[in-house]
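Survey of secondary and tertiary structure
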Amino acid sequence: MPRDISISNTVLFPLSQEELHNILSTALSRGGEYADIFLEDTRISSLELQDGTVSQAQQLMLYGAGIRVVDGTQTGYAYTMDLSPEAMHQAARFAGSLPGNGSAIAMPALRPTPILTPETPMLEPDASKDILLTINRRAHEISPLVVRVKATIAQRMQTVQFVCSEGTGFADRRPRTTLFISVVLQKEGKTQMGFGSRMYQQGAEFITPELTEELLQEAIRQALFLFDARQIEGGEMPVVLAAGSSGILMHEAIGHAFEADFIRTGESIFSGKLGQRICDSHITIVDDGTQPCDAGMLRYDDEGTPGQRTVLVDKGILASYLHDRISARHFGVQSTGNGRRESFRHMPLPRMRSTYMCAGDATEEDIIRSVKRGIFAQTFTNGQVQIGAGDFTFFMKKGWLIEDGRLTTPLRDMNIIGNGPQALQHISMVAGNLRIDHSAGMCGKGGQRVGVSQGLPTVLVDKLVVG
Amino acid sequence: MNILHQAAEEIRRICPCADFKLVLMHNHEDNINIRNGEIEKMLHASATSLAMNLLIDGRDGFFYTNNTQPEALRQFIRNAAETTRMLEPDESRTLADPTCYYKGGGPDLRNFDATLSTVDPAEKLRLAQQNNREGMQLCPNLISFQTHYSDRQHQAHYLISNGFQGTEQCSRCTLTSIATADGKDGQHPADGWGETRIFLTDLPREGIASVAIDRTLRKIGSRPTRSGQYQMILESPIVGSFLQPILNAMNGQQVHGKMSFLSSKLHQRVLSPMVSIVDDPLIPGTRGACYFDYDGVATQRRSLFTEGVLDTFFIDTIFAKKMCMKPTTQGTHHLIMQSGDKTLHQLLSEARKAILVTDFNGGNCDPTTGNFSYGIEGLLVQDGQIVQPVSGMNITGNILDVWQRVSALGNDFDPWETELLPSVVFDDVSFGGL
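Computed from a predicted model, the values in this text were never measured in an experiment.

About the cut-offs
- Within every chain, residues take consecutive numbers counted from 1 along the sequence as written.
- Starting at A for chains and at 1 for ligands, labels are handed out in the order in which the entities are written.
- With the structure being a predicted model, the display of local features is reserved for residues of pLDDT at least 70 and the display and counting of side-chain atom pairs for 80 or more, all residues being used for whole-chain, interface and lining totals.
- Each helix corresponds to a stretch of at least 4 residues labelled H or I by DSSP, and each strand to a stretch of at least 2 residues labelled E; elements are numbered beginning at the N terminus.
- We take the radius of gyration over the C-alpha atoms and set the globule estimate at 2.2 Å times the residue count to the 0.38 power.
- To assign burial, the other C-beta atoms lying within 10 Å of each residue's own C-beta are counted, with C-beta atoms placed from the backbone; 20 or more indicates buried, 12 or fewer indicates exposed, and intermediate counts indicate partly exposed.
- Whether two residues are in contact depends on their C-beta atoms, placed from the backbone: they are in contact if these lie within 7 Å.
- In this usage, the nonpolar core is the set of buried Ala, Val, Leu, Ile, Met, Phe, Trp, Tyr and Cys residues whose C-beta atoms join them within 7 Å.
- Any two strands are treated as partners once DSSP identifies two or more bridges connecting them.
- Under the scheme applied, nonpolar residues are Ala, Val, Leu, Ile, Met, Phe, Trp, Tyr, Cys and Pro; charged residues are Asp, Glu, Lys and Arg; polar residues are all the others, including Gly.
- Convention adopted: a line fitted to C-alpha atoms gives each axis, helices being fitted over their contacting stretch, and angles between N-to-C directions are expressed from 0 to 180 degrees.
- Angles below 35 degrees are treated as roughly parallel, those above 145 as roughly antiparallel, those between 65 and 115 as roughly perpendicular, and all remaining angles as oblique.
- Each crossing gets its handedness from the near helix: less than a right angle anticlockwise from the far helix is left-handed, clockwise is right-handed.
- Each domain's extent is set by a domain assignment, obtained either automatically or from a database.
- Here the bend at each residue means the angle between axes fitted to two seven-residue stretches, the one ending at that residue and the one beginning there.
- pLDDT gives the predictor's per-residue confidence on a scale running from 0 to 100.
- Directions pointing from the helix axis toward each C-beta atom define the arc.

Another aspect to go through is the overall build of chain A. Helix and strand counts for chain A stand at nine helices and 22 strands. Relative to the 2.2 N^0.38 estimate, which gives 23 Å for 467 residues, the radius of gyration of chain A is 24 Å and therefore close to what a compact globule would have. Projecting the C-alpha coordinates of chain A onto the three principal axes gives extents of approximately 70 × 55 × 35 Å. Sorting the 467 residues of chain A into buried and exposed places 60% on the buried side. Of the contacts formed within chain A by residues at least 6 apart in sequence, a portion of 76% connects residues at least 24 apart.

Here it is in structure tokens:
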């Protein structure tokens, strides 16, 4: 739930409540059921280490407003970087130019929008630089095989103010910090790369010496592993998904297909299945916007709906879809707080937050022991789904062959393919070791990218196609 | 242009010895989405933004803002200067050699439709509605038929402190149909087709919907087939995706960073001798046409692969210095692969045991080794006949190995794309399925 702390009523943008009300009125002057304004001031700065020096810096500033008018399932949208009343009214007129019933609606007065979060100081460039140089030095100390180190610290501060024709709104500051490390190792004429990352919605205080050491060790271990790892003959086989980054299964196989815009249009393979049993009763899947500092955490979503935790699958029963305002109204339910947008230049869409399966009662060891021949998949890099077919793919960077219940051959660079509903039904064992993966994960949909996280306990899927 | 000169003046005032590259961009876009006869979304926007590279004593920072109000711009430049000064110097970070800059005088590239931002939005809406009506009439039983119309105008004005000023502009308009069908086993297969042109008057008004519907309906009943070695016929629209890891590996930064599987392979045969590819940004009327790159350096027609031999890396000004090589180009603009003389239909009719791959679904290629694994979907071909749609399968291998096994090329590239790549036939590709 959002923190209702009134820190300051300092105006973040040069538009008064009265002016914002007038702009909303302009947007609705030709009809429409609802309108909103999303104001944004985002600053991103990053420092990068390469070739042993911190010689690259980037700073990006995004400033503007998006104005939306909704009429049923129709949306008119316009954005502008010019926040003068004239430019805003012009944008509002375009947003309201959808064919409508031609009559304006009455709007309540706008309530004040207190700022939810105090300003978070960003890490000073000198401090970032010191961390990056330490990473470089330690990488070469840990392994003489390291020939190249690349590391980036990126900090984002997104300041937003949102108002809508229902009279409500919010203002918030959303910091996000990412640390990314990659190493290149050379051994006997061969080259391998390993990487590690963390992304949180907070300042850089999580970047401690212990964390950077952990990430470096993770990246170097991964590269060393890959020297000996290989690909095997593909085919259909049992797959044990290790806890953590295997949560990509939740994201690709389940999450996207539950986004209610795909459900509303009938495109998703889970359309029309609400309330039905879709998997075994030991499986519960959640999409959560309340985990503090998580990449998917939202005090309010980008449509002003309070952040919340949504149970998607409740002991095997499809319990909810992921709704924004439009799909919620269409289905006659409350928004689940999943209306997200990349920036003021984009319309909000139903998007995931932190998507994970709840812990079961098996152990990872028992699960591996139960497999005669299969794959233990540990680290993933990316995935994709065909919503209508339910076919998903995720790319396993690192794993093991399982033979007679034991990990035998190290594996790398293999795709795992399956079908969402079928994969869910084929999950036969769930361990108790749920882990959320906080690597720097961005989800792309409709030309927009938003930060997300995913998690999984170790699970056994009886059959997936591996190649 | 005032903004550019204001920014330049401010830079000279704050750090008189700095070099800079300023790019002022104006973009205009319209997007319309229609689903099942109803307007779903309409978006309209114009945007101005400024990108800046600031070079101070061998230190190089990149900065971007879309707030170009005078006071905001001053603060932006002050912050940029402060940030740049704390970087470590890198003597390779300089502006390009001015003798390499584009000098002007080239003929009109005919790649910008000035009317896109002034044409009545109702006309764009009518175009989209016509396409949507066509699709709904052709196949009334679809779950969903979507039409996307989008257009974009881009103008960029460059000002570089060691003597370059120039303007580039381009535009495109796209009409896409996406159909979703009610398939077997509860699946909802979907596919689409789109056409892109520079000028709105050239955009086809008919025919797109029927192609999208055909492609969708042929997916009904798709399922994996047996794992094994097959001929892979890559359909022209997706050949670029399978070439992209190779183009990425040609990037100077990747090569220099020892993160490229092509690092030591310049001037060696790395692809099949059937593969010859050039990049030619100087053809008027093409979407990739441009006279200069982001460094202001004049573009030229350049051979990338000659009968499979790697002719060049993509080396910009910075990495040319790091690698002690001559700069070439930052990347591709208008790719042209030498074609064969067969249509796709002819290629299929000659296939004994093949999979026509029509789309990729996830996957990755390791940039240091070239080992890849991609999800695919397509059509199984036996003895010249399409026998079933396939999905839920992988292809795996090493990207260079596979590109060395090209056995035939089509003649079916799309002349309106930025990559003119025909369908390509590869022998003995490993498919993972049942």
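The next subject is the nonpolar core. Membership of the largest hydrophobic core comes to 164 residues, with the highest contact counts inside it found for Ile181, Val183, Val239 and Val240 of chain A together with Met232, Ile233 and Ile355 of chain B. With 62 residues, the next largest nonpolar core counts Ala35, Ala171 and Tyr300 of chain A together with Ala190 of chain B among its residues.

Turning our attention to the sheet that holds strand β10 (residues 309-310) of chain B. Residues and elements named next belong to chain B. Across the sheet, which stays open at both edges, the five strands sit in the order β10-β9-β8-β11-β16 with mixed pairing between neighbours. The open sheet is flanked by β10 and β16 (419-420), the only strands paired with a single partner. Pairing geometry for strand β8 (residues 277-279) and strand β11 (residues 335-337), over three bridges, is antiparallel. Residue pairing for β11: Asp279 is matched across the bridge by Leu335.

Here we come to the interface of chain A and chain B. Across the boundary between the two partners, chain A contributes 61 residues, which contact 60 residues of chain B. Broken down by element, the residue count for the side of chain A that touches chain B peaks at 11 residues, all from strand β2 (residues 53-71) of chain A. Residue composition of the side of chain A that touches chain B, grouped by class: 26 nonpolar, 27 polar and eight charged.

Attention now moves to the sheet that holds strand β10 (residues 317-318) of chain A. All names here are of chain A. The strand order β10-β9-β8-β13-β21-β18 describes an open sheet built from six strands, whose pairing is mixed. A single partner strand is all that each edge strand has here, and the edge strands are β10 and β18 (435-437). Bridge count between strand β8 (residues 285-288) and strand β13 (residues 354-357): four bridges; the pairing is antiparallel. Looking at the pairing, Asp287 lines up with Thr355 of β13.

Let us look at the pairing of strand β15 (residues 391-403) of chain A. Residues and elements named next belong to chain A. Along β15, 11 of the 13 residues are buried, which leaves the element largely enclosed by surrounding structure. Between strand β14 (residues 373-386) and the antiparallel strand that follows it, β15, lie four residues; Gly390 among them carries a positive phi value of about 80°. Between β15 and strand β16 (residues 406-419), which pair antiparallel one after the other, the connecting turn spans two residues, and Asp404 there sits at a positive phi close to 50°.

Here we take up the packing of helix α1 (residues 2-14) of chain B against helix α2 (residues 70-85) of chain B. Between two packed helices, the angle of one axis relative to the other and the distance separating the axes together describe the packing. All names here are of chain B. Relative orientation of the contacting elements α1 and α2 amounts to 45°, with a least axis distance of 10 Å. Considering their axes alone, α1 and α2 lie oblique with respect to each other. Judged by the sense of rotation from one axis to the other, the crossing of α1 with α2 is right-handed. When α1 is examined against α2, the residues Gln6, Ala7, Glu10, Ile11 and Ile14 are found in contact with a partner set consisting of Pro70, Leu73, Arg74, Ile77, Arg78 and Ala81. Its residues assigned to classes, the contact of α1 with α2 shows seven nonpolar, one polar and three charged.

In this section: the environment of Pro70 of chain B. With respect to the secondary-structure elements, Pro70 of chain B resides in helix α2. C-alpha separation for the pair Pro70 of chain B and Gln244 of chain B, spaced 174 residues apart in sequence, amounts to 41 Å.

Before going further, it helps to examine the domain arrangement of chain A. All names here are of chain A. What the domain assignment lists for chain A is domain 1 (17-228) and domain 2 (235-466). Computed over C-alpha atoms, the centres of domain 1 and domain 2 are 23 Å apart. Contacts between the two partners involve 35 residues from domain 1 and, on the opposite side, 25 residues from domain 2. For the side of domain 1 that touches domain 2, the elements supplying multiple residues, two or more each, are β1 (34-50), β2, β3 (74-80), β4 (146-164), β5 (169-187), β6 (190-200) and α4 (209-228). Here the side of domain 1 that touches domain 2 is built from residues that sort into 16 nonpolar, 12 polar and seven charged.

So, on to helix α5 (residues 236-249) of chain B. An α-helical segment advances 3.6 residues per turn. Residues three or four places apart therefore align on the same side. All names here are of chain B. The sharpest bend along α5 measures roughly 40° and falls at Leu243, with the proline Pro245 sitting one to four residues further on. Those residues of α5 lying buried are Ser236, Val239, Phe242, Leu243, Pro245, Ile246 and Ala249. Residues of α5 that are buried in the fold lie against β7 (228-234), α6 (252-256), β12 (353-365), β13 (371-382), α9 (399-403) and β17 (424-432).

Residues and elements named next belong to chain A. With respect to the secondary-structure elements, Ala204 resides in the loop between β6 and α4. Along the backbone, Ala204 and Lys150 are 54 residues apart, and their C-alpha atoms lie at a distance of 18 Å. Ignoring sequence-local partners within four residues, the contact set of Ala204 consists of Leu123, Ile153, Gln155 and Thr177.

Right, let's get into the confidence of the model for chain B. Per-residue pLDDT for chain B has a mean of 95; in total, 100% of the residues score no lower than 70. Predicted as a complex, the structure gets a pTM of 0.93 and an ipTM equal to 0.90.

Here we take up the domain arrangement of chain B. In many reports, interface size means the accessible area that the parts give up when they come together. Residues and elements named next belong to chain B. Domain annotation of chain B identifies domain 1 (2-217) and domain 2 (222-434). For domain 1 and domain 2, the distance between their C-alpha centroids amounts to 25 Å. On the side of domain 2, 18 residues touch domain 1, which itself brings 24 residues to the contact. Looking at the side of domain 1 that touches domain 2, the elements with two or more residues in it are β4 (144-160), β5 (164-180) and β6 (190-197). Looking at the side of domain 1 that touches domain 2, the element that brings in the most residues is β5, giving five residues.

Let us now look at the pairing of β2 of chain A. Of all 19 residues in β2 of chain A, 16 are buried, a share of seventy percent or more. A loop of two residues connects β1 of chain A with β2 of chain A, the two strands running antiparallel in sequence, and Asp51 of chain A in this loop sits at a positive phi of about 55°. Bridge count between β2 of chain A and strand β3 (residues 59-65) of chain B: six bridges; the pairing is parallel. Its bridge partner lying in β3 of chain B, Met61 of chain A is registered against Thr65 of chain B. Where β2 of chain A meets β3 of chain A, seven bridges bridge the pair, whose relative direction is antiparallel. Looking at the pairing, Gly66 of chain A lines up with Tyr79 of chain A of β3 of chain A. Hairpin connection between β2 of chain A and β3 of chain A: a loop of two residues separates the two successive antiparallel strands, and Gly72 of chain A in this loop has a positive phi of roughly 65°.

The next point concerns helix α1 (residues 17-27) of chain A. Residue and element names in this part refer to chain A. Considered for burial, the residues of α1 that qualify are Leu20, Ile23, Leu24, Thr26 and Ala27. One side of α1 holds all its buried residues, which, seen down the axis, span an arc of 155°. The inward-facing, buried residues of α1 contact β1, β2, α2 (85-95) and β4.

This next bit is on the packing of helix α3 (residues 121-138) of chain B against helix α4 (residues 208-217) of chain B. All names here are of chain B. The interhelical angle for the contact between α3 and α4, taken along N-to-C directions, is 45°, at an axis separation of 8 Å. It follows that α3 is oblique to α4 by the angle criterion. Pair α3 / α4 crosses with right-handed handedness. Contacts from Asn131, Glu134, Gly135 and Leu138 in α3 reach Ile208, Ala209, Ser210, Ala212 and Ile213 in α4.

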